[in-house]
2 protein chains.
Amino acid sequence: MGALRTAVIGLAFLVVSGAVTYGQARSNAEDSLRAADQAWLKVYAAKDLERTVAFFDEQGSVLPANQRAATGKKAVTELMREEFTLQDYKLTWTPTWVGVAASGDLGYTGGSYDFSCKDASGKTITDKGKYLTVWKKQADGSWKVLLDMSNSDLPAPA
Amino acid sequence: MGALRTAVIGLAFLVVSGAVTYGQARSNAEDSLRAADQAWLKVYAAKDLERTVAFFDEQGSVLPANQRAATGKKAVTELMREEFTLQDYKLTWTPTWVGVAASGDLGYTGGSYDFSCKDASGKTITDKGKYLTVWKKQADGSWKVLLDMSNSDLPAPA
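Residues numbered from 1 in each chain as written. Chains lettered and ligands numbered in written order. Predicted model: local features only at pLDDT ≥ 70, side-chain atom pairs only at ≥ 80, totals over all residues. Heavy atoms only, no water.

Quick notes on the sheet that holds strand S1 (residues 56-63) of chain A
Residues and elements named next belong to chain A.
Argument step 1. Ordered in space as S2-S1-S6-S5-S4-S3, the six strands form an open sheet in which the pairing is mixed. Of all the strands in the sheet, the pair left with one neighbour each is strand S2 (70-71) and strand S3 (87-100).
Argument step 2. Taken together, the 13 bridges between strand S4 (residues 106-118) and strand S5 (residues 124-137) define a ladder with antiparallel strand orientation. Looking across to S5, one finds that glycine 107 is bridged to tryptophan 135.
Argument step 3. Across the face of the sheet, helix H3 (residues 73-83) comes into contact with S1, S2 and S3 while running at roughly 50 degrees to S1. (Pairing = 2+ DSSP bridges. Helix = DSSP H or I, 4+ residues; strand = E, 2+ residues; numbered from the N terminus. Contact = heavy atoms within 4.5 Å. Axes fitted to C-alpha atoms, helices over the stretch in contact; angles between N-to-C directions.)

This is the structure in structure tokens:
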């Protein structure tokens, strides 16, 4: 019985420590994805076109509200260049949801954004809403954006 | 040299067949997710509230355009019930992007939708746009919706 008890305790230890290790790996993966989400915000909010586009996978897409989707670096660059012409551009976002697959190759971040800019007449326009981003781990270990979508919380104008 | 050649050929066979098996598993996983996306459309387009909500993970969220996000079965049910009161409700969607993690526990579908309904005055309203859905494989092997977002391709009213 002593040997059996030892075996059972040993097995329980393996199961628990395995679960802890797995949970830790998952948590580390989520931390790395959250860091990518916030590193992207930093260059995006700074209207740094080259670095913003560099966060996209080669086949990445932007799915913007009230416009057609843009797929691939060239189309994404054109869309972002247009967005970055907005005056007094202020953008921030905060992830509410962060998840990574067990295999660590696919993940998502999503949450809320706050945005403001000035229109051609100098009037401040504000918006707040939600975003959802699907990320793919690259061969070099970095996270890149496969799909990025957002929409407003504000009622549509009548 | 004969043995080496045999070993090299054998190794190449293992690598190729391993890649084929992996590719096949990935493709099967994507097929199962595409099938879930289309099975969901079927009950959604039929305004079957119970079956539509049953596709959500317990912590699933809808991120609708021009409204706040709804998280959890209760809030999702209320949102969907409201949507299904629309008259002459016609909805279809087609996935353009389908992807599943190597571990098979997380995936996404996204693509285009077409929608129409009648407003209170009986006037037909049409919309077309994009959707993005993040899915989580459940313990029973079914896919459930973690996050579901959409936005319009049409310009916002001025």
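Quick notes on the environment of Asp105(A)
Argument step 1. Locating Asp105(A) in the fold gives a position in the loop between S3 and S4.
Argument step 2. Overall, Asp105(A) belongs to the buried group, its relative accessible area being 18%.
Argument step 3. A C-alpha to C-alpha distance of 22 Å links Asp105(A) and Arg51(A), two positions 54 residues apart in sequence.
Argument step 4. Residues in contact with Asp105(A), not counting those within four places in the same chain, are Trp135(A), Lys136(A), Lys137(A), Trp143(A), Arg26(B), Ala101(B) and Ala102(B).
Argument step 5. Engagement of the side chain of Asp105(A) in a polar contact is seen with the side chain of Ser103(A), the distance being 2.6 Å. (Buried < 20%, exposed > 50% of the residue type's maximum accessible area, 1.4 Å probe, protein only. Polar contact = N/O pair within 3.5 Å; in protein donor to acceptor, adjacent residues only side chain to side chain.)

Some words on the pairing of strand S3 (residues 87-100) of chain B
Residue and element names in this part refer to chain B.
Argument step 1. Of the strand pairs in this sheet, S3 and strand S4 (residues 106-118) are connected by 11 bridges, and their pairing is antiparallel. Each bridged residue has a counterpart across the sheet, and for valine 100 the counterpart in S4 is glycine 107.
Argument step 2. Hairpin geometry of S3 and S4 is characterised by an intervening segment of five residues between the two adjacent antiparallel strands and by a positive phi of about 75 degrees at glycine 104.

Some details on the relation of the copies chain A and chain B
Superposition of the two copies of the chain requires a rotation about an axis and a shift along the axis.
Argument step 1. Between the two copies, chain A and chain B, the superposition gives an RMSD of 0.0 Å; the rotation angle is 180 degrees and the shift along the axis is 0.0 Å. Each copy turns onto its partner about a two-fold axis. Looking at the rotation axis and the C-alpha trace of chain A, the residue lying nearest is Ser103(A), at 2.5 Å. (Least-squares fit on C-alpha atoms with pLDDT ≥ 70 in both.)

Re the pattern of salt bridges
Residues and elements named next belong to chain A.
Argument step 1. If you walk through the whole model with that rule in mind, you get 10 salt bridges over all chains.
Argument step 2. In this structure, arginine 51 engages aspartate 48 in a salt bridge whose closest nitrogen and oxygen atoms are separated by 3.8 Å.
Argument step 3. Accessibility expressed as a relative area gives 54% for arginine 51, which makes it exposed.
Argument step 4. Taking relative accessible area as the criterion, aspartate 48 reaches 25% and is therefore assigned partly exposed.
Argument step 5. Residue aspartate 88 pairs with lysine 118 through a salt bridge whose shortest N-O separation is 3.6 Å. In this pair, aspartate 88 is assigned in strand S3 and lysine 118 in strand S4, connecting sequence segments 30 residues apart. (Salt bridge = Lys/Arg side-chain N within 4 Å of Asp/Glu carboxyl O.)

Function cannot be inferred from these measures alone, as they are strictly geometric.
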